[in-house]
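The chain contents come next:
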Amino acid sequence: MESALIQKNGGNTAVEELRDPRPDAARKRLRECTNQPEACEAIREIVSNLLGCEEMALFELDRKRGRFSLIWSFGTEAKTFHLPKMFVETALPGVLAGDAYIDEGFSDALMGGQGERASAFVPILFRRETVGVLALLRLLPQKAKIDEVDRGLFAVLTSEAGRPLFGNAESGRGRSERKR
Amino acid sequence: MKKILLVDDSRTTLLMERMVLEKRTSYQCITATNGAEAVEKAQAENPDLVLMDVVMPQMNGFEACKRIRQHEKTKQIPVILVTTRGEESYMEAGFQSGCNDYVTKPINGPDLLRLLQSYLSE
C-alpha cells in the first residue's frame, strides 16, 4: 500500500503513516449493499472512481452448464459481450481458484465483437466459491497500469461483492424477518 | 477549524474522501451530491475549500464553479475539481469555469491530503 508522511499543520494534522483508504472505503461501501442493483452501482462507483476504469461487465457462473452468463455491464455494448477464448484458456483456472487475472500486456484478451480488450478478470466469491467474474476493459487514459492499491481493491471485490450480488434470497429473507 | 465542502454524486467517493479527512485531520467535512446543492451549501456554510466532481446530475461541477465565483460571498473560496474526465477539453472547461486546480481520478489518499494542505496551510 502506498503511504506518506503527513506533516503536522498547526495542530490540525497528525504525523503518521497514511495507508491509502480506497480498499477500506470499497469494503465499507459494499457491506452497505443489500441486493444486486445496489451492488452493481457500488461496483461501478468503486471501479470508476477508485480504480480508474469506466468499462466493465459482470458475469455469473452457471456451474450446471459450465459457462459464464452476462448479468450486467457498464460503458460498453452489452449485446455483443462474451468472455474471450483467452479467458477460458488462460485466466479461468486462477479465477475459479479465487485469484484475479491481470493482463499487463493487454495481449489478446479481446472482448465481444468490437475488438475491446480486457485489463483484468476479478473473481467474485460467495461462500468461498467463485460464483461470478467481473471483467474490466480499458482503463482511463490517465491510468497507466494496475497497481498495488488496485490489487487491494480486487481483493475487496472478490470477497465482499458476492453476498449482495448473489445472496439475494438470504438478504431478502433477512429484511422480511426484521419487518415482522 | 477548517471546513471543506465535498461534492460528488458517488457515495463511494464521498466515503473515501471523508475517511481520509476525518481520520487524519481535524478539518470539518460537509457534503453535497450535485452542483446546485454545492452552490447553496457554499453560500450557507462558507467553507474554506470546495472539492468537487464534474459529472453530476442537476448541475455539473463546471456550472457550479462558475456560480460560486459569481457570488460575492463565495468567489474567493478555492475550488478543486476532481473527476474521471482527463481530456484536455474538459480541463480547459474546468479552468474557464474558475477552478483553482483540476485533478483526475483515481486519486490516492496521501496525494489528496497533500493537495488540500497546500491550499489550507496557514
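Residues numbered from 1 in each chain as written. Chains lettered and ligands numbered in written order. Predicted model: local features only at pLDDT ≥ 70, side-chain atom pairs only at ≥ 80, totals over all residues.

1. Let's talk about the overall build of chain A
When you go through chain A residue by residue, the secondary structure sums to six helices and seven strands. In chain A, which comprises 180 residues, the share counted as buried stands at 41%. Taking all contacts inside chain A whose residues are at least 6 apart in sequence as the whole, residues at least 24 apart take part in 56%. (Helix = DSSP H or I, 4+ residues; strand = E, 2+ residues; numbered from the N terminus. Buried ≥ 20, exposed ≤ 12 C-beta atoms within 10 Å, placed from the backbone. Contact = placed C-beta atoms within 7 Å.)

2. Remarks on the interface of chain A and chain B
With 31 residues of chain A at the interface, the matching set in chain B holds 25 residues. Looking at the side of chain A that touches chain B, the elements that each hand over two or more residues are helix H1 (22-31) and helix H2 (36-51) of chain A. No other element matches H2(A), which puts seven residues into the side of chain A that touches chain B. A breakdown of the residues in the side of chain A that touches chain B according to their chemical character gives 14 nonpolar, nine polar and eight charged. (Nonpolar A, V, L, I, M, F, W, Y, C, P; charged D, E, K, R; others polar.)

3. So, the sheet that holds strand S7 (residues 129-136) of chain A
Residue and element names in this part refer to chain A. Spatially, five strands are ordered S2-S1-S7-S6-S3 in an open sheet, and the strand pairing comes out antiparallel. The two strands at the open ends of the sheet, each matched to only one other strand, are strand S2 (67-74) and strand S3 (101-102). Bridge count for strand S6 (residues 120-126) against S7 is seven bridges, and the pairing is antiparallel. Directly across from Ala 120, in S7, lies its bridge partner Leu 136. Strands in contact with helix H4 (residues 148-160) are S6 and S7; relative to S6, the strand with the most contacts, it is inclined by about 35°. (Pairing = 2+ DSSP bridges. Axes fitted to C-alpha atoms, helices over the stretch in contact; angles between N-to-C directions.)

4. Remarks on the environment of A:Gly66
Residues and elements named next belong to chain A. For Gly 66, the position within the fold is in the loop between strand S1 (56-62) and S2. With 7 C-beta atoms packed within 10 Å, Gly 66 lands in the exposed category. Sequence separation of Gly 66 and Leu 125 is 59 residues, and the distance between their C-alpha atoms is 16 Å.

5. Remarks on the environment of B:Arg67
Residue and element names in this part refer to chain B. Structurally, Arg 67 can be placed in helix H3 (residues 61-70). A count of 21 C-beta atoms within 10 Å places Arg 67 in the buried class. Sequence separation between Arg 67 and Glu 40 is 27 residues; the distance between their C-alpha atoms is 9.9 Å.

6. Some words on the packing of H2(A) against H4(A)
Residue and element names in this part refer to chain A. Running from N to C, H2 and H4 point in directions that differ by 170°, and their axes come no closer than 11 Å. As judged from the angle between their axes, H2 and H4 are roughly antiparallel. Note on element contacts: H4 touches H2 through Asp 150, Leu 153 and Leu 157, opposite Ile 43, Ile 46, Leu 50 and Leu 51. Looking at side-chain class alone, the contact of H2 with H4 contains six nonpolar, no polar and one charged residues. (Parallel < 35°, antiparallel > 145°, perpendicular 65-115°, else oblique.)

7. A short note on the pairing of strand S3 (residues 49-52) of chain B
Residues B:Leu49 and B:Leu51 of S3(B) are buried on one face, and the alternating residues B:Val50 and B:Met52, pointing to the opposite face, are buried as well. Crossover connection from S3(B) via H3(B) to parallel strand S4 (residues 79-83) of chain B: handedness right-handed. (Right-handed = clockwise from strand over helix to strand, strands pointing away.)

8. Let's talk about helix H2 (residues 35-45) of chain B
Residue and element names in this part refer to chain B. Of all the residues in H2, the buried ones are Gly 35, Ala 38, Val 39 and Ala 42. Around the axis of H2, the buried residues are gathered within 100° of arc, so they sit on the same side. Residues of H2 that are buried make contact with strand S1 (3-7), strand S2 (28-32), S3 and H3. (Arc of directions from axis to C-beta.)

9. Focus on helix H5 (residues 109-120) of chain B
Residue and element names in this part refer to chain B. Relative to the 16 Å expected for twelve residues at 1.5 Å per residue, H5 spans 16 Å between its end C-alpha atoms, a close match to the ideal helical length. Burial in H5 covers these residues: Gly 109, Pro 110, Leu 112, Leu 113 and Leu 116. Each buried residue of H5 lies within a common arc of 160° when the element is viewed along its axis, so the set occupies one face. In the core, the buried residues of H5 are packed alongside S1, helix H1 (11-24) and S3. (Expected span 1.5 Å × (residues − 1).)

10. Thoughts on the packing of H1(A) against H4(A)
All names here are of chain A. Two elements in contact, H1 and H4, have axes separated by 9 Å at closest approach and are oriented at 20°. The angle between the axes of H1 and H4 places the two elements in the roughly parallel class. The way H1 lies across H4 gives a crossing that is right-handed. Only Val 149, Gly 152, Leu 153, Val 156 and Glu 160 of H4 make contact with H1, whose side of the interface consists of Arg 22, Pro 23, Ala 26, Arg 27, Leu 30 and Arg 31. (Left-handed = near helix turned anticlockwise from the far one by under 90°.)

11. A word on the sheet that holds strand S5 (residues 101-104) of chain B
Residues and elements named next belong to chain B. Strand order in the open sheet formed by five strands is S2-S1-S3-S4-S5, and the pairing between neighbours is parallel. Two strands close off the open sheet at either side, each with one partner strand: S2 and S5. Mean inter-strand twist for the sheet, computed between neighbouring axes without regard to direction, equals 20°. Alignment of S4 against S5, held across four bridges, turns out to be parallel. Its bridge partner being in S5, Thr 83 is matched across the sheet by Thr 104. Contacts from H5 reach S1, S3, S4 and S5, with the element oriented near 150° to S3.

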